[in-house]
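Chain residues, written in single-letter form:
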Amino acid sequence: AQSVTQPDIHITVSEGASLELRCNYSYGATPYLFWYVQSPGQGLQLLLKYFSGDTLVQGIKGFEAEFKRSQSSFNLRKPSVHWSDAAEYFCAVGRLEYGNKLVFGAGTILRVKS
Amino acid sequence: GAVVSQHPSRVICKSGTSVKIECRSLDFQATTMFWYRQFPKQSLMLMATSNEGSKATYEQGVEKDKFLINHASLTLSTLTVTSAHPEDSSFYICSARGGTSGNEQFFGPGTRLTVL
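As the structure is a prediction and not an experimental result, all values here were calculated from the model. (Residues numbered from 1 in each chain as written. Chains lettered and ligands numbered in written order. Predicted model: local features only at pLDDT ≥ 70, side-chain atom pairs only at ≥ 80, totals over all residues. Heavy atoms only, no water.)

Take the pattern of salt bridges next. Under the definition given, this model contains eight salt bridges over all chains. Among the salt bridges present, the one from Arg-24 of chain B reaches Glu-22 of chain B, with a minimum N-O distance of 3.4 Å. Its relative accessible area of 33% is what places Arg-24 of chain B among the partly exposed residues. Looking at Glu-22 of chain B, the relative accessible area reads 24%, which means it is partly exposed. Here Lys-66 of chain B and Asp-88 of chain B are joined by a salt bridge, their closest N and O atoms 2.9 Å apart. On the criterion of sequence distance, the pair formed by Lys-66 of chain B in the loop between strand S6 (57-58) and strand S7 (67-73) and Asp-88 of chain B in the loop between strand S8 (76-81) and strand S9 (90-97) is long-range, its members being 22 residues apart. Using a relative accessible area of 11% as the deciding quantity, one classes Lys-66 of chain B as buried. Relative accessible area serves as the criterion here: at 4%, Asp-88 of chain B is assigned to the buried category. Each of the salt bridges in this network shares a partner with another, and the network as a whole consists of Glu-64, Glu-66 and Arg-77 of chain A. (Salt bridge = Lys/Arg side-chain N within 4 Å of Asp/Glu carboxyl O. Buried < 20%, exposed > 50% of the residue type's maximum accessible area, 1.4 Å probe, protein only. Helix = DSSP H or I, 4+ residues; strand = E, 2+ residues; numbered from the N terminus.)

Now the structure itself:
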């Protein structure tokens, strides 16, 4: 069965510092990969996605993620964090043959200190 | 484009009553809708997948008689929590896929259910 691991439950970074959120997945082939952000009490907003092609994916709000097949990873990065980036971030994996059902990681809560 | 709404955003009900949550795709036809449940400080867990005009497919461990899902049109799916109990209190989120969205799901803002 596919699974998604986000090893960091909480991360605190200073405003203006760089950010990397880790995501590892378990699956025999290349899945569809997603990063979502959720503010408290809100739904999910898609930051970026990877289906195929260029392994470095650019998303909204200055985020990017890199798919590394050899490491089964899809880490999210941002060169300079803003206070408004404080939220919870979820990595998700989907598989076409399973009707594109998504499996979510446990999430990483990002705190930004000024 | 690709907006999904949910109604209500928040509902409080008494134990034993039923609650209906609506999920609408506002600007595209959703051939598939998904219902998720999110417990406090936890991730989203898929409850069921519904395709327009057919019965929903429930994930293992989800009681289909308790969580009734109807996807009667290409823009509306409903989740009815029957005979709700306090342990059903949770954040319920729907998502929709269809039209030109391909493999991407668009998420609603969620519904906070509190059962007293």
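Taken as a whole, this structure holds two disulfides over all chains when the rule is applied. One disulfide bridge connects Cys-23 of chain A with Cys-91 of chain A, the sulfur atoms lying 2.0 Å from each other. Taking the sign of the torsion about the S-S bond as the criterion, the disulfide between Cys-23 of chain A and Cys-91 of chain A, at about -65°, is left-handed. With Cys-23 of chain A in the loop between strand S3 (19-21) and strand S4 (24-26) and Cys-91 of chain A in strand S10 (residues 87-94), this pair connects stretches of sequence that are 68 residues apart. Cys-13 of chain B takes part in no disulfide bond, and the closest cysteine sulfur, belonging to Cys-94 of chain B, lies 18 Å away. (Disulfide = S-S within 2.5 Å.)

Let us look at the interface of chain A and chain B. Taken together, the 20 residues of chain A in the interface contact 18 residues of chain B. Between chain A and chain B, roughly 1,500 Å² of surface is buried when both sides are summed, and carbon and sulfur atoms account for 53% of that area. Our enumeration of links across chain A and chain B arrives at two salt bridges. The shortest N-O distance in the salt bridge between Glu-104 of chain B and Lys-49 of chain A comes to 2.5 Å. For the side of chain A that touches chain B, the secondary-structure elements that each account for two or more residues are strand S5 (32-38), strand S6 (44-50) and strand S11 (102-104) of chain A. (Contact = heavy atoms within 4.5 Å. Buried area = accessible area lost by both parts, 1.4 Å probe.)

Turning to the sheet that holds strand S3 (residues 19-25) of chain B, a few remarks are in order. Residue and element names in this part refer to chain B. In spatial order, the strands read S1-S3-S8-S7; together these four strands make up an open sheet with antiparallel pairing. Looking at strand neighbours, the two that pair on one side only are strand S1 (4-7) and S7, the edges of this open sheet. Adjacent strand axes in the sheet meet at a mean angle of 15°, parallel and antiparallel pairs treated alike. Inspection of the sheet shows S1 paired to S3 by four bridges, in the antiparallel sense. Note that in S3 the partner of His-7 across the bridge is Glu-22. (Pairing = 2+ DSSP bridges. Axes fitted to C-alpha atoms, helices over the stretch in contact; angles between N-to-C directions.)

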